[in-house]
Amino acid sequence: MPETASEATYRWTRDAYDRAVEAGVFGPDDRIELIDGQLLAMTPQGSRHAAIVSQAGEVLRDTFGGGYSVRTQCPLAVGDDSEPEPDLAVVRGRPLDYLAAHPTTAILVVEVSDETLRRDRTVKQRLYARHGLPEYWILALPDACLEVHREPAATGYRSVTTLRAGDRIAPLARRGVEVAVADLLP
């Protein structure tokens, strides 16, 4: 009887993955992330993607200010079997608060999506919602829009709003401060 893909798959835990990273199993060119026990390849970044990540990071730093850290493409330790590396994650505290361990939550996660749009709308969206991240934004480059996901539930976010360049958004954690969507999109 032939093996099926599920029988031949090794499910990684976050602990085993972190030990492998520390042991140097993966090199600096191995762009992977742990999602639901599987190692998923991350697509290489083009200049457009990198520029928008940098721009959105600056906007979020200005929006949130002191008491928050905007992490760029750094791991989030969500659950026992996932360590995604979102393009941006706003976490409470300062960068050095996370010397000993990656943050386990974020108040806002942002993915800049072009080739990864389908994965970000499905796999990542369900992962972030399942782990209770209150707000998830997708800068959907092919659609020239910002998708705002709120109200996390076990199967995904219950509220999804699509905004365009002329719109403004106030992050849940900074309700009094609005961001122009045009400042996030090219």
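Everything below is about the structure shown above.
Residues numbered from 1 in each chain as written. Predicted model: local features only at pLDDT ≥ 70, side-chain atom pairs only at ≥ 80, totals over all residues. Heavy atoms only, no water.

### Section: the pattern of salt bridges
Part 1: Taken as a whole, this structure holds 11 salt bridges when the rule is applied.
Part 2: The shortest N-O distance in the salt bridge between aspartate 18 and arginine 14 comes to 4.0 Å. One end of the pair, aspartate 18, and the other, arginine 14, are both in helix 2 (residues 14-22), 4 residues apart, so they sit about a helical turn from each other.
Part 3: The exposure class assigned to arginine 14 is partly exposed, which follows from its relative accessible area of 21%.
Part 4: The salt bridge involving glutamate 33 is made with lysine 124; its shortest N-O contact spans 3.1 Å. (Salt bridge = Lys/Arg side-chain N within 4 Å of Asp/Glu carboxyl O. Helix = DSSP H or I, 4+ residues; strand = E, 2+ residues; numbered from the N terminus. Buried < 20%, exposed > 50% of the residue type's maximum accessible area, 1.4 Å probe, protein only.)

### Things to note about the packing of aromatic side chains
Part 1: A full pass over the atoms with the stated rule returns 7 aromatic pairs.
Part 2: Taking the centre distance of 5.5 Å and the plane angle of 85° together, the rings of tyrosine 10 and tryptophan 12 count as edge-to-face.
Part 3: For tyrosine 10, a relative accessible area of 55% gives the class exposed.
Part 4: Across the ring face of tyrosine 98, the terminal group of arginine 71 is positioned such that the distance to the ring centre comes to 5.6 Å. (Phe/Tyr/Trp six-rings, centres within 6.5 Å; stacked < 30°, edge-to-face > 60°. Lys NZ or Arg CZ within 6 Å of the ring centre and 35° of its normal.)

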